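What follows is each chain in one-letter form.
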Amino acid sequence: MINKVVSGAKEAIRDIEDGHTLMLGGFGLCGIPENCINALVEKDVKELTCISNNAGVDDFGIGLMLHKHQVKKMIASYVGENAEFERQLLSGELEVELVPQGTLATRCMAAGYGMPVIYTPAGVGTEVAEGKEVRNFNGKDYLMEYAFEADFAIVKAWKGDTAGNLIYRSTSRNFNPVMAMAGKVTIAEVEELVAAGQLDPDHIHTPGVYVHRIFQGQDYEKRIEQRTVRTKN
Amino acid sequence: MLDKNGIARRIAKEIKDGYYVNLGIGIPTLVANYIPDGINIVLQSENGLLGMGPFPYEGEEDADLINAGKQTITTLPGSSIFDSAMSFGMIRSQKIDLTILGAMEVSEHGDIANWKIPGKMVKGMGGAMDLVASAKNIIVAMQHVNKAGESKLLPSCTLPLTGVRCIKKVVTELAVLDILPEGGFKLIERAPGVSVEYIRQSTLGKLYADDNTPEMSLD
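Calculation criteria
Residues numbered from 1 in each chain as written. Chains lettered and ligands numbered in written order. Predicted model: local features only at pLDDT ≥ 70, side-chain atom pairs only at ≥ 80, totals over all residues. Heavy atoms only, no water. UniProt positions renumbered as here; feature names shortened; annotations may be inferred. Helix = DSSP H or I, 4+ residues; strand = E, 2+ residues; numbered from the N terminus. Rg over C-alpha atoms; globule rule 2.2 N^0.38 Å. Buried < 20%, exposed > 50% of the residue type's maximum accessible area, 1.4 Å probe, protein only. Areas by Shrake-Rupley, 256 points an atom, 1.4 Å probe, with all protein chains shown as cover. Lys, Arg positive; Asp, Glu negative; His and termini not counted. Charge placed at Lys NZ, Arg CZ, Asp CG, Glu CD. Axes fitted to C-alpha atoms, helices over the stretch in contact; angles between N-to-C directions. Parallel < 35°, antiparallel > 145°, perpendicular 65-115°, else oblique. Left-handed = near helix turned anticlockwise from the far one by under 90°. Contact = heavy atoms within 4.5 Å. Nonpolar A, V, L, I, M, F, W, Y, C, P; charged D, E, K, R; others polar. Pairing = 2+ DSSP bridges. Buried area = accessible area lost by both parts, 1.4 Å probe. Salt bridge = Lys/Arg side-chain N within 4 Å of Asp/Glu carboxyl O. Polar contact = N/O pair within 3.5 Å; in protein donor to acceptor, adjacent residues only side chain to side chain. 1 Å grid on protein atoms, 1.4 Å probe; cavity = no way out; pocket = protein on both sides within 12 Å on 5 of 7 lines; lining within 4 Å. Points joined across faces, edges and corners; volume = space filled by probe spheres on them.

- Chain B is annotated in an unreviewed UniProt entry as CoA transferase subunit B from Pedobacter psychroterrae.
- One UniProt comment on chain B, placed under Sequence similarities (unreviewed entry), says "Belongs to the 3-oxoacid CoA-transferase subunit B family."

- In the nomenclature of an unreviewed UniProt entry, chain A is known as CoA transferase subunit A of Pedobacter psychroterrae.
- For chain A, the Sequence similarities (unreviewed entry) comment in UniProt is given as "Belongs to the 3-oxoacid CoA-transferase subunit A family."

### A few points about the overall build of chain A
Line of reasoning, step 1. Within chain A, the secondary structure is distributed over six helices and 11 strands.
Line of reasoning, step 2. Taken over the C-alpha trace, chain A has a radius of gyration of 18 Å; the compact-globule value for 233 residues is 17 Å, and the two agree within 12%.
Line of reasoning, step 3. Looking at chain A residue by residue over its 233 residues, the buried ones come to 58%.
Line of reasoning, step 4. Taken as a whole, chain A presents about 9800 Å² of accessible surface, with 46% of it coming from carbon and sulfur.
Line of reasoning, step 5. Of the charged side chains in chain A, 24 are positive and 32 negative, and the gap between their average positions amounts to 4 Å.

### Concerning the packing of helix 5 (residues 101-113) of chain A against helix 3 (residues 84-92) of chain B
Line of reasoning, step 1. Following both chains from N to C, one finds helix 5 of chain A and helix 3 of chain B inclined at 120 degrees, their axes separated by 8 Å at the closest point. The pairing of helix 5 of chain A with helix 3 of chain B is recorded here as oblique in orientation. The crossing of helix 5 of chain A and helix 3 of chain B is left-handed. Where helix 5 of chain A abuts helix 3 of chain B, its residues A:Q101, A:G102, A:T103, A:A105, A:T106 and A:M109 lie against B:S84, B:A85, B:F88 and B:R92.
Line of reasoning, step 2. Its residues assigned to classes, the contact of helix 5 of chain A with helix 3 of chain B shows four nonpolar, five polar and one charged.

### Concerning the sheet that holds strand 11 (residues 153-154) of chain B
Residue and element names in this part refer to chain B.
Line of reasoning, step 1. Strands sit in the order 7-6-11 across an open sheet of three strands; the sheet is mixed. In this open sheet, the two strands that pair with only one neighbour each are strand 7 (112-113) and strand 11.
Line of reasoning, step 2. Sheet analysis places strand 6 (residues 105-107) next to strand 7, joined by two bridges and oriented antiparallel. By the bridge assignment, V106 is partnered in strand 7 with I112.

### A look at the interface of chain A and chain B
Line of reasoning, step 1. If you look at the interface, chain A gives 51 residues, while chain B gives 49 residues.
Line of reasoning, step 2. Where chain A abuts chain B, roughly 4200 Å² becomes buried across the two surfaces, and 58% of that area is made up of carbon and sulfur atoms.
Line of reasoning, step 3. Counting the surface chain A buries against chain B, the share from its top three residues, A:T171, A:T228 and A:R230, is 16%.
Line of reasoning, step 4. Taken together, the links from chain A to chain B amount to six salt bridges.
Line of reasoning, step 5. Residue A:R227 pairs with B:E61 through a salt bridge whose shortest N-O separation is 2.7 Å.
Line of reasoning, step 6. Along the contact surface separating chain A from chain B lie 30 residue pairs in polar contact (both at pLDDT 80 or more).
Line of reasoning, step 7. Where the side of chain A that touches chain B is concerned, the elements lending two or more residues are helix 4 (83-90), helix 5 and helix 6 (176-180) of chain A.
Line of reasoning, step 8. A total of six residues in the side of chain A that touches chain B trace back to one element, the largest contributor, which is helix 5 of chain A.
Line of reasoning, step 9. For the side of chain A that touches chain B, the residue count by class is 20 nonpolar, 19 polar and 12 charged.

### Topic: the layout of surface pockets
Line of reasoning, step 1. Here the second largest pocket defines a volume of roughly 440 Å³.
Line of reasoning, step 2. Lining the second largest pocket are 27 residues, with B:V132, B:V164, B:R165, B:C166 and B:I167 sitting closest to its centre.
Line of reasoning, step 3. Taken together, the elements giving at least two residues each to the lining of the second largest pocket come down to strand 7 (140-146) of chain A together with helix 4 (128-134) of chain B.
Line of reasoning, step 4. At four residues, the largest contribution of residues to the lining of the second largest pocket is made by helix 4 of chain B.

### Quick notes on empty space enclosed by the protein
Line of reasoning, step 1. Under the defined criterion, the tally for this structure stands at four cavities of 30 Å³ or more.
Line of reasoning, step 2. Put simply, the largest cavity is a space of about 70 Å³.
Line of reasoning, step 3. Considering the residues around the largest cavity, the lining is formed by A:L29, A:C30, A:G31, A:I32, A:E34, A:K156, A:K222, A:R223, B:A63 and B:D64.
Line of reasoning, step 4. Of the residues that constitute the lining of the largest cavity, the class distribution is four nonpolar, one polar and five charged.

### A few points about unusual backbone geometry
Line of reasoning, step 1. With a phi close to 45 degrees, A:K222 is a non-glycine residue in the positive phi region.
Line of reasoning, step 2. Of the residues examined, A:K222 reaches a relative accessible area of 24% and is grouped as partly exposed.

### Digging into the side chain of A:Q88
Residues and elements named next belong to chain A.
Line of reasoning, step 1. Within the secondary structure, Q88 is located in helix 4.
Line of reasoning, step 2. Polar side-chain contacts of Q88 include one of 2.8 Å to the backbone oxygen of L66.
Line of reasoning, step 3. With residues up to four places along the chain from it excluded, the contact list for Q88 reads L66, H69, E93 and L94.

Structure (structure tokens):
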């Protein structure tokens, strides 16, 4: 049986080098690959292009990589919670490509489905459309957007098995499944790693064929960005 | 004149039974508090949830369960979870009946700007460009004038656009207005205590306003 298991984050990212393009799953701080981000910070690889919906916060998630100036270019849809990010952007240290969120997700999906482009109405008539092909289908304009190419996709799942099959939990699913499908090499860190056969095939969200390396992560902080509660009457 | 909750209350009256609704951040989020009795709707959160429930009770927060504003939330009976591509798939294919979002500027042609102030604010568009480009039914919740008293309902937007010719209805602290297919704001209702003349003075874009425009009811 194929076994995709590696010992941990350090081994999983062993061949990520300066200048690589990485996809990182998560929405805000929800469902981010904490172990691999910490290992990338420790390894101090530079000049990275990161594709991720958000850029973390100042002291957590991708924000940790920004602080060490490891990121050359950020491709994201929303980067609002990160003062260091904004400073690097306004000073010109960091290159940023802002992409509508649905376009970002679908460009990942297209890569995983083996399709070179998508057509989407998002951004038609705005600065997002500059330099892009516009085609009219049934009376409506659409932008042509390319599938992403990433050297590595790094995702976080709830459960995984030794064959690389993944199950996500709740809204920490978000971008993880579409990014898992899109990497030339896909690394999955999971909260619970089980033997092949322990997960019901009907419940798999990401089939193991898309996953090249898997390990059980440690010490998940799972930080909450906006803790909102109601009180019992 | 309406406060933020008043704007949300008025918008809630536009929601029909059986709607799937996406609420943006800010005033639109408040709309969920004013859904009339007997109206059953499903809230979509574009990070991948249909059937968003209220905030959790203290101590029951789940870091894996948040809305698009990154707030801890709950699910409801009948909820479903999916990935980001499917989430925008259902938006693009118009399965979502109504989108309610905020704006910094709206033009008399239905253009909207709400994601960027050049040189000042660079946060990104998030899902707003996808939502306005695809939704069949969009209501904008916004302030009619800024703090300096300048109109935000304009002949054309001055800020970078989020979408073009996509907005058909605007609810502000002063009024409910439709945007006509041929261009121009049409005054539909006045906020309590606000005169048609005051709305005229506060609207820089082309305004069609009947002197007998009714005052809105919030009940």
